[in-house]
Amino acid sequence: MDFKDALRSIIKPHNEDPLERLTTPFGEALSKDKVLTEYPRPQFERPSYINLNGLWDYAIQPKKGFPDRYDGQILVPFSPEAILSGVERQLQPGEYLWYRRLLPVDEMDLFNGSRLILHFGAIDYEADIFLNGNKVTSHRGGYLPIDCDITDFLEKGENELTVRVSDPSDAGFQSRGKQILKRGGIFYTAQSGIWQTVWMEEVSDPYVEKLDVRTNEDMLQLRVHVAGNIGDTERALSVDVFDEGELVASASASAQGPGPHDIELTLENTRLWSPADPHLYDLGISYGEDAVGSYCAFRSFTIERVEGKSMPVFCCNHEPLFLKGVLDQGYWSDGLLTAPSDEALRYDIEMARKLGFNM
């Protein structure tokens, strides 16, 4: 190998190279009416899921104020730089990307005590979220979810959601992975805007805000964070554990005040998780009138000395496990950081396993 040529290829820009529009079978099968409809947060699931993916109005402009007009439509949650977005335009430093759509809230009973939580899986990089022209929240960070209670901003009838995004890409100092405006070598096309699923859910008041789940080979420890109008009322907190639909364990406690609240239980004869048998147990958690679904695995990871080995080795459930991992950059030619479908993600995982990798 000529190392000088290799080094030159790493930093070589490709701005003048002709680009081929590479699609995937998953992107080609995508329907604009059914975009990533799967529930995006299976470890914290509610039945009141309303998916907001699909066609939104968009505008890219140099001024920060609300647009006078919109440029067209963008397929959310694909970044404007991605083929699947229908835009294929790079957001530049100093520009603002605007999104707009109406919220389907007419049939909800939101004015009788329940709350409406709006979720963005991720927006790259800085976002301001407005409802009916009023700012709901601001957020910085391209890789973390945004959750906001929009109940107090709702009006009877139509409700207009708008989002303003800016992203300096490699002209700034934020975390950006391998994104770069002048792609080339080991660096990829910079992307911006909404790039993960957008959805809403209606919840009781108060409600479960977050779960911390810890397990070992037979113990489940659950920490429940709550939000809303909590007060000093005592409420029932419970957790049920299901194995392939059958209730195998449960525990309950009384929760008073803002918490967080802890609850734990022990299982017998657990089916342990391993790469060869990635078995999961379903969880049902209730707090007052609110309920969420989740899942967990029972297993242990340790470093142990084993017979025949001179050095301690990694063990899963006290059995030696040789770790064989693959670096998956997670980019798609048509969706960039956003996989076109769950089937696409599953294909990645199954191919890695077929190639002999276990992580």
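Let me sum up the structure you'll find in this document. (Residues numbered from 1 in each chain as written. Predicted model: local features only at pLDDT ≥ 70, side-chain atom pairs only at ≥ 80, totals over all residues. Heavy atoms only, no water.)

## A short note on the nonpolar core
What counts is decided by this rule: As used in this record, nonpolar core signifies buried Ala, Val, Leu, Ile, Met, Phe, Trp, Tyr and Cys residues forming a set joined through side-chain atoms within 4.5 Å. Working definition: with a 1.4 Å probe on protein chains only, accessible area under 20% of the residue-type maximum means buried, over 50% means exposed, and in between means partly exposed.
By size, the foremost hydrophobic cluster in this structure holds 30 residues, and its most contacted members are Trp56, Tyr99, Leu118, Phe120, Ile150 and Val163. Among the nonpolar cores identified, the runner-up in size contains 24 residues, and Leu211, Tyr281, Ile285 and Phe298 belong to it.

## Concerning helix H3 (residues 342–354)
The following threshold applies: A run of H or I in DSSP becomes a helix once it reaches four residues, and a run of E becomes a strand once it reaches two; helices and strands are each numbered from the N terminus. Between the first and last residue of a helix there are one fewer steps than residues, each counted as 1.5 Å, and that sum is the expected span.
Its 13 residues place the ends of H3 18 Å apart at the C-alpha level, agreeing with the 18 Å of an ideal helix rising 1.5 Å per residue. At the exit of H3 stands Gly356, carrying a positive phi of roughly 100°.

## A word on the pairing of strand S20 (residues 281–287)
The side chains of a regular strand alternate between the sheet's two faces. How we decide: In this scheme, strands are said to pair when DSSP sees at least two bridges between them.
Going residue by residue along S20, you find Tyr281, Leu283, Ile285 and Tyr287 tucked away on one face and Asp282, Gly284 and Ser286 left uncovered on the opposite face. Direction of pairing for S20 relative to strand S21 (residues 290–296): antiparallel, over a ladder of seven bridges. Bridge pairing in S21 links Ser286 to Ala291. As consecutive antiparallel partners, S20 and S21 are separated by two residues, and within that stretch Gly288 has a phi angle of approximately 60°, a positive value.

## A look at the pairing of strand S7 (residues 126–131)
Burial runs high along S7: five of the six residues are buried. Relative to strand S8 (residues 134–140), S7 runs antiparallel, the two being bridged by six bridges. Counterpart to Glu126 in the pairing with S8 is Arg140. Hairpin geometry of S7 and S8 is characterised by an intervening segment of two residues between the two adjacent antiparallel strands and by a positive phi of about 55° at Asn132. Where S7 and strand S10 (residues 160–166) come together, six bridges link them in antiparallel fashion.

## So, the pattern of salt bridges
The condition is simple: Between Lys or Arg on one side and Asp or Glu on the other, a salt bridge is scored when a side-chain nitrogen of the former is within 4 Å of a carboxyl oxygen of the latter.
In this structure the tally under the stated criterion is 18 salt bridges. Two residues, Asp128 and Arg164, come together in a salt bridge whose shortest N-O distance is 2.9 Å. Pair noted here: Asp128 is in strand S7 and Arg164 is in strand S10, with a separation of 36 residues, a long-range link. Of the two residues examined, Asp128 and Arg164, each falls in the buried class. Here Glu244 makes a salt bridge to Arg271, at a shortest N to O gap of 3.6 Å. Taken together, the residues Glu244 in the loop between strand S17 (234–243) and strand S18 (246–256) and Arg271 in the loop between strand S19 (261–266) and S20 connect sequence positions 27 residues apart. Look at the salt bridges and you will find they share partners, linking Arg41, Arg46, Glu201 and Asp290 into a network.

## A short note on the packing of aromatic side chains
Which entries qualify depends on this criterion: Working definition: rings of Phe, Tyr and Trp (its six-membered ring) pair if their centres are within 6.5 Å, and the pair is stacked with planes under 30 degrees apart, edge-to-face with planes over 60 apart, and tilted otherwise.
Per the counting criterion, the structure on display carries 13 aromatic pairs. Judged by centre distance (6.4 Å) and plane angle (90°), the rings of Phe26 and Trp332 are edge-to-face. Remark: Trp332 occurs in the loop between strand S24 (319–320) and H3 and Phe26 occurs in helix H2 (residues 25–28); sequence separation between them is 306 residues. On the numbers, 5.8 Å between centres and 25° between planes, the contact of Phe301 with Phe314 is stacked. Here Phe301 is found in strand S22 (residues 301–304), whereas its partner Phe314 is found in strand S23 (residues 313–316), with 13 residues between them in sequence. Phe301 gets classed as partly exposed once you look at its relative accessible area, which sits at 41%. Of the aromatic side chains, those joined through ring pairs into one cluster are Phe26, Trp332 and Tyr347.

## Overview of the side chain of Ser300
Quick note on the threshold: Under the rule applied, a polar contact is a pair of N or O atoms within 3.5 Å (in protein, one hydrogen donor and one hydrogen acceptor; residues adjacent in sequence only if both atoms are side-chain atoms). Between two residues, a contact is recorded if the distance between any of their heavy atoms is within 4.5 Å.
Along the chain, the position of Ser300 falls in the loop between S21 and S22. A polar contact is formed between the side chain of Ser300 and the side chain of Glu217, at a distance of 3.1 Å. Apart from the residues within four sequence positions on either side, Ser300 is in contact with Glu217, Cys315, Cys316, Asn317 and His318.

## Let's talk about the layout of surface pockets
Any empty space left between the atoms is revealed when a probe the size of a water molecule rolls over them. Heads up, the rule is: The method works on a 1 Å grid over the protein atoms by themselves. A cavity is a set of points holding a 1.4 Å probe that cannot get out, a pocket is an open set with protein on both sides within 12 Å along at least five of seven lines, and residues with an atom within 4 Å of a point line them. Grid points are joined across faces, edges and corners, and a volume is the space filled by probe spheres set on the points. When residues are grouped by polarity, Ala, Val, Leu, Ile, Met, Phe, Trp, Tyr, Cys and Pro land in nonpolar, Asp, Glu, Lys and Arg in charged, and all others, Gly among them, in polar.
When its volume is computed, the largest pocket comes out at roughly 1100 Å³. If you trace the largest pocket, you find 39 residues lining it, with Asp342, Leu345, Arg346, Asp348 and Ile349 closest to the centre. The dominant element in the lining of the largest pocket, judged by the number of residues it contributes, is H3, at nine residues. Residue composition of the lining of the largest pocket, by class: 22 nonpolar, eight polar and nine charged. Leu19, Arg183, Thr189, Ser333 and Leu336 are, among the 24 residues lining the second largest pocket, the residues nearest its centre. Taken together, the residues that form the lining of the second largest pocket break down as twelve nonpolar, six polar and six charged.

## A closer look at unusual backbone geometry
Here the amide bond leading from Asp124 into Tyr125 is cis, since omega sits at 10°, within 30 degrees of zero. Here Tyr125 lies in the loop between strand S6 (123–124) and S7. Between Gly259 and the following residue, Pro260, the backbone shows a cis peptide bond with an omega angle of 10°. Inspection of the secondary structure puts Pro260 in the loop between S18 and S19. At Asn132, a residue that is not glycine, the phi angle is positive and equals roughly 55°. If you trace the backbone, Asn132 turns up in the loop between S7 and S8.

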